[in-house]
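Each chain is listed here by its residues.
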Amino acid sequence: DSGVTQTPKHLITATGQRVTLRCSPRSGDLSVYWYQQSLDQGLQFLIQYYNGEERAKGNILERFSAQQFPDLHSELNLSSLELGDSALYFCASSAHGSYIQYFGAGTRLSVL
Amino acid sequence: ILNVEQSPQSLHVQEGDSTNFTCSFPSSNFYALHWYRWETAKSPEALFVMTLNGDEKKKGRISATLNTKEGYSYLYIKGSQPEDSATYLCAPEDGTASKLTFGTGTRLQVTL
(Lines give C-alpha, C1' and ligand atoms only; values in the text may rest on other atoms or scores of the structure.)
Protein backbone atom coordinates (compact mmCIF):
# COMPACT_ATOMS: atom_id res chain seq x y z
CA ASP A 1 0.00 0.00 0.00
CA SER A 2 1.60 3.24 -1.20
CA GLY A 3 -0.51 5.45 1.06
CA VAL A 4 -2.03 7.27 -1.91
CA THR A 5 -5.80 6.80 -2.15
CA GLN A 6 -7.78 7.21 -5.32
CA THR A 7 -11.54 7.08 -5.65
CA PRO A 8 -13.51 5.70 -7.32
CA LYS A 9 -11.70 2.56 -8.50
CA HIS A 10 -13.93 2.22 -11.52
CA LEU A 11 -16.16 4.67 -13.33
CA ILE A 12 -18.46 3.99 -16.25
CA THR A 13 -20.10 6.92 -17.96
CA ALA A 14 -21.38 8.11 -21.31
CA THR A 15 -19.93 10.44 -23.91
CA GLY A 16 -20.54 14.09 -23.22
CA GLN A 17 -20.65 13.62 -19.46
CA ARG A 18 -18.42 15.09 -16.77
CA VAL A 19 -16.66 13.16 -14.01
CA THR A 20 -14.44 13.96 -11.05
CA LEU A 21 -11.60 11.74 -9.90
CA ARG A 22 -10.29 12.17 -6.40
CA CYS A 23 -6.84 11.63 -4.93
CA SER A 24 -5.62 11.78 -1.35
CA PRO A 25 -1.83 11.93 -1.19
CA ARG A 26 0.37 10.26 1.40
CA SER A 27 0.32 12.03 4.72
CA GLY A 28 2.59 15.06 4.56
CA ASP A 29 3.24 14.93 0.81
CA LEU A 30 2.82 18.34 -0.79
CA SER A 31 3.05 17.36 -4.44
CA VAL A 32 0.34 15.59 -6.39
CA TYR A 33 0.72 14.38 -9.96
CA TRP A 34 -1.89 13.09 -12.40
CA TYR A 35 -1.13 10.59 -15.16
CA GLN A 36 -3.20 8.95 -17.88
CA GLN A 37 -2.58 5.52 -19.29
CA SER A 38 -4.52 4.67 -22.43
CA LEU A 39 -4.40 1.37 -24.34
CA ASP A 40 -1.06 0.88 -26.09
CA GLN A 41 0.37 4.05 -24.59
CA GLY A 42 2.74 4.63 -21.75
CA LEU A 43 1.95 6.70 -18.71
CA GLN A 44 1.32 10.24 -19.86
CA PHE A 45 1.92 13.07 -17.41
CA LEU A 46 -1.04 15.41 -17.17
CA ILE A 47 -0.42 17.92 -14.41
CA GLN A 48 1.32 18.52 -11.09
CA TYR A 49 0.27 20.54 -8.07
CA TYR A 50 2.47 21.57 -5.18
CA ASN A 51 0.89 22.82 -1.99
CA GLY A 52 -2.19 24.05 -3.81
CA GLU A 53 -0.44 25.66 -6.77
CA GLU A 54 -0.08 24.31 -10.28
CA ARG A 55 3.60 23.43 -10.76
CA ALA A 56 3.92 21.70 -14.12
CA LYS A 57 1.64 20.88 -17.00
CA GLY A 58 1.90 18.06 -19.49
CA ASN A 59 -0.37 16.90 -22.28
CA ILE A 60 -3.57 17.81 -20.53
CA LEU A 61 -6.57 18.56 -22.72
CA GLU A 62 -8.51 21.80 -22.26
CA ARG A 63 -11.56 19.69 -21.34
CA PHE A 64 -9.63 18.45 -18.31
CA SER A 65 -8.82 20.48 -15.23
CA ALA A 66 -7.43 19.78 -11.80
CA GLN A 67 -7.03 21.45 -8.46
CA GLN A 68 -5.42 20.79 -5.11
CA PHE A 69 -7.30 21.79 -2.01
CA PRO A 70 -5.99 23.21 1.31
CA ASP A 71 -6.07 19.73 2.85
CA LEU A 72 -3.81 18.68 -0.08
CA HIS A 73 -6.23 16.27 -1.69
CA SER A 74 -6.63 16.76 -5.42
CA GLU A 75 -9.39 16.34 -7.95
CA LEU A 76 -9.15 15.80 -11.68
CA ASN A 77 -12.22 16.96 -13.59
CA LEU A 78 -12.87 15.51 -17.01
CA SER A 79 -15.68 17.08 -19.05
CA SER A 80 -17.36 16.57 -22.45
CA LEU A 81 -16.07 13.04 -22.29
CA GLU A 82 -15.18 11.21 -25.47
CA LEU A 83 -14.64 7.50 -26.12
CA GLY A 84 -10.91 8.14 -26.35
CA ASP A 85 -10.82 9.39 -22.77
CA SER A 86 -11.31 5.82 -21.57
CA ALA A 87 -8.12 5.08 -19.67
CA LEU A 88 -6.54 4.35 -16.34
CA TYR A 89 -5.91 7.57 -14.43
CA PHE A 90 -3.21 7.52 -11.79
CA CYS A 91 -2.43 9.96 -9.08
CA ALA A 92 0.98 10.06 -7.42
CA SER A 93 2.39 12.08 -4.56
CA SER A 94 5.83 13.00 -3.35
CA ALA A 95 7.31 14.68 -0.33
CA HIS A 96 9.00 18.07 -0.49
CA GLY A 97 12.56 17.63 -1.71
CA SER A 98 12.07 13.98 -2.67
CA TYR A 99 12.38 12.62 -6.19
CA ILE A 100 10.29 9.54 -5.50
CA GLN A 101 6.65 9.49 -6.57
CA TYR A 102 4.24 7.09 -4.88
CA PHE A 103 1.37 5.97 -7.04
CA GLY A 104 -2.21 5.25 -6.11
CA ALA A 105 -4.09 2.24 -7.42
CA GLY A 106 -5.69 4.26 -10.21
CA THR A 107 -9.20 4.98 -11.42
CA ARG A 108 -10.34 3.06 -14.46
CA LEU A 109 -12.61 5.25 -16.55
CA SER A 110 -14.78 3.70 -19.23
CA VAL A 111 -16.64 6.06 -21.55
CA LEU A 112 -19.40 4.29 -23.47
CA ILE B 1 8.55 16.45 -25.00
CA LEU B 2 11.29 13.94 -24.22
CA ASN B 3 11.76 10.94 -26.48
CA VAL B 4 12.23 7.94 -24.21
CA GLU B 5 12.94 4.54 -25.65
CA GLN B 6 13.05 1.25 -23.81
CA SER B 7 14.26 -2.03 -25.18
CA PRO B 8 13.42 -4.75 -25.51
CA GLN B 9 9.66 -4.27 -25.52
CA SER B 10 9.18 -7.64 -23.90
CA LEU B 11 11.34 -10.41 -22.59
CA HIS B 12 10.63 -13.97 -21.59
CA VAL B 13 13.29 -15.69 -19.47
CA GLN B 14 13.57 -18.75 -17.30
CA GLU B 15 14.00 -18.75 -13.56
CA GLY B 16 17.64 -18.20 -12.68
CA ASP B 17 18.52 -16.31 -15.87
CA SER B 18 20.08 -12.89 -15.55
CA THR B 19 18.73 -10.17 -17.78
CA ASN B 20 19.08 -6.51 -18.56
CA PHE B 21 17.04 -3.76 -20.19
CA THR B 22 17.95 -0.44 -21.73
CA CYS B 23 16.43 3.00 -21.38
CA SER B 24 17.53 5.74 -23.80
CA PHE B 25 16.69 9.38 -23.28
CA PRO B 26 17.86 12.81 -24.46
CA SER B 27 20.98 13.80 -22.56
CA SER B 28 20.31 17.52 -22.74
CA ASN B 29 18.62 19.20 -19.77
CA PHE B 30 18.85 16.01 -17.72
CA TYR B 31 17.82 16.16 -14.07
CA ALA B 32 17.12 12.62 -12.85
CA LEU B 33 16.27 9.15 -14.11
CA HIS B 34 13.60 7.06 -12.42
CA TRP B 35 13.02 3.32 -12.70
CA TYR B 36 9.64 1.90 -11.75
CA ARG B 37 8.33 -1.63 -11.48
CA TRP B 38 4.71 -2.19 -12.45
CA GLU B 39 3.04 -5.48 -11.71
CA THR B 40 -0.23 -6.33 -13.41
CA ALA B 41 -3.27 -5.01 -11.53
CA LYS B 42 -1.08 -2.99 -9.19
CA SER B 43 0.32 0.54 -9.24
CA PRO B 44 3.84 1.49 -10.36
CA GLU B 45 6.39 1.20 -7.59
CA ALA B 46 9.63 3.20 -7.48
CA LEU B 47 12.82 1.15 -7.75
CA PHE B 48 15.57 3.71 -8.19
CA VAL B 49 16.15 7.38 -8.76
CA MET B 50 19.55 8.31 -10.17
CA THR B 51 20.92 11.76 -10.76
CA LEU B 52 24.69 11.61 -11.32
CA ASN B 53 26.59 10.35 -14.33
CA GLY B 54 28.09 6.99 -13.43
CA ASP B 55 25.57 6.38 -10.65
CA GLU B 56 24.97 2.78 -9.76
CA LYS B 57 22.12 1.67 -7.52
CA LYS B 58 21.33 -1.76 -6.14
CA LYS B 59 18.31 -3.28 -4.45
CA GLY B 60 18.65 -7.00 -3.80
CA ARG B 61 19.09 -8.75 -7.14
CA ILE B 62 18.21 -5.63 -9.14
CA SER B 63 20.72 -2.96 -10.04
CA ALA B 64 20.87 0.01 -12.38
CA THR B 65 23.52 2.19 -13.98
CA LEU B 66 23.31 5.64 -15.50
CA ASN B 67 25.19 7.42 -18.28
CA THR B 68 23.91 10.98 -18.55
CA LYS B 69 26.45 12.03 -21.20
CA GLU B 70 25.22 9.54 -23.75
CA GLY B 71 21.67 9.34 -22.41
CA TYR B 72 21.12 5.77 -21.32
CA SER B 73 20.49 3.65 -18.28
CA TYR B 74 20.65 -0.12 -17.83
CA LEU B 75 18.58 -2.16 -15.41
CA TYR B 76 19.96 -5.58 -14.47
CA ILE B 77 18.21 -8.45 -12.77
CA LYS B 78 20.44 -11.24 -11.49
CA GLY B 79 18.96 -14.72 -11.12
CA SER B 80 15.42 -13.82 -12.23
CA GLN B 81 12.53 -15.20 -10.19
CA PRO B 82 8.85 -15.54 -11.18
CA GLU B 83 8.01 -12.70 -8.78
CA ASP B 84 10.19 -10.40 -10.92
CA SER B 85 7.58 -10.67 -13.67
CA ALA B 86 6.37 -7.13 -14.28
CA THR B 87 6.73 -4.18 -16.61
CA TYR B 88 9.81 -2.09 -15.90
CA LEU B 89 9.42 1.58 -16.72
CA CYS B 90 12.05 4.25 -16.94
CA ALA B 91 11.26 7.94 -16.75
CA PRO B 92 13.71 10.78 -17.16
CA GLU B 93 12.94 13.97 -15.34
CA ASP B 94 14.02 17.13 -17.12
CA GLY B 95 15.54 20.14 -15.49
CA THR B 96 12.82 22.63 -16.32
CA ALA B 97 9.99 20.93 -14.49
CA SER B 98 9.52 18.06 -12.12
CA LYS B 99 7.46 16.03 -14.55
CA LEU B 100 8.41 12.52 -15.57
CA THR B 101 8.24 11.26 -19.14
CA PHE B 102 7.69 7.52 -19.04
CA GLY B 103 8.87 5.06 -21.63
CA THR B 104 6.49 2.34 -22.74
CA GLY B 105 8.37 -0.16 -20.61
CA THR B 106 9.94 -3.57 -20.88
CA ARG B 107 7.55 -6.36 -20.03
CA LEU B 108 9.42 -9.19 -18.28
CA GLN B 109 7.99 -12.64 -17.83
CA VAL B 110 9.93 -15.18 -15.76
CA THR B 111 8.85 -18.79 -15.94
CA LEU B 112 9.89 -21.84 -13.96
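Residues numbered from 1 in each chain as written. Chains lettered and ligands numbered in written order. Predicted model: local features only at pLDDT ≥ 70, side-chain atom pairs only at ≥ 80, totals over all residues. Heavy atoms only, no water.

1. Some details on the side chain of A:Asp85
Residue and element names in this part refer to chain A. Assignment of secondary structure puts Asp85 in the loop between β8 (74-78) and β9 (87-94). The exposure class assigned to Asp85 is buried, which follows from its relative accessible area of 3%. With sequence-adjacent residues up to four places away left out, Asp85 is seen in contact with Gln36, Leu61, Arg63, Phe64, Ser80, Leu109 and Val111. (Helix = DSSP H or I, 4+ residues; strand = E, 2+ residues; numbered from the N terminus. Buried < 20%, exposed > 50% of the residue type's maximum accessible area, 1.4 Å probe, protein only. Contact = heavy atoms within 4.5 Å.)

2. Quick word on the sheet that holds strand β7 (residues 62-67) of chain B
Residue and element names in this part refer to chain B. Taken in spatial order, the five strands of this open sheet run β1-β3-β8-β7-β6, and their pairing is antiparallel. The outermost strands of the open sheet, each flanked by one partner alone, are β1 (5-7) and β6 (56-59). Neighbour-to-neighbour, the strand axes of this sheet turn through a mean angle of 15°, independent of strand direction. (Pairing = 2+ DSSP bridges. Axes fitted to C-alpha atoms, helices over the stretch in contact; angles between N-to-C directions.)

3. Description of the environment of A:Phe64
For A:Phe64, the location among the structural elements is in strand β7 (residues 64-68). Spatially, the C-alpha atom of A:Phe64 lies 7.2 Å from that of A:Leu76, the residues being twelve residues apart in sequence.

4. Remarks on the sheet that holds strand β5 (residues 45-50) of chain B
The strands making up a sheet associate through hydrogen bonds between their backbones, and the pairing can be parallel or antiparallel. Residues and elements named next belong to chain B. Within the open sheet, the five strands sit side by side as β2-β10-β9-β4-β5. Their pairing is mixed. Whereas interior strands pair on both sides, the edge strands pair on one side only; in this sheet they are β2 (10-14) and β5. Averaged over all neighbouring strand pairs, the angle between strand axes comes to 20°, with direction disregarded. Pairing of β2 with strand β10 (residues 106-111), which is carried by five bridges, proceeds in the parallel orientation. Looking at β10, one finds that Leu11 is bridged to Leu108.

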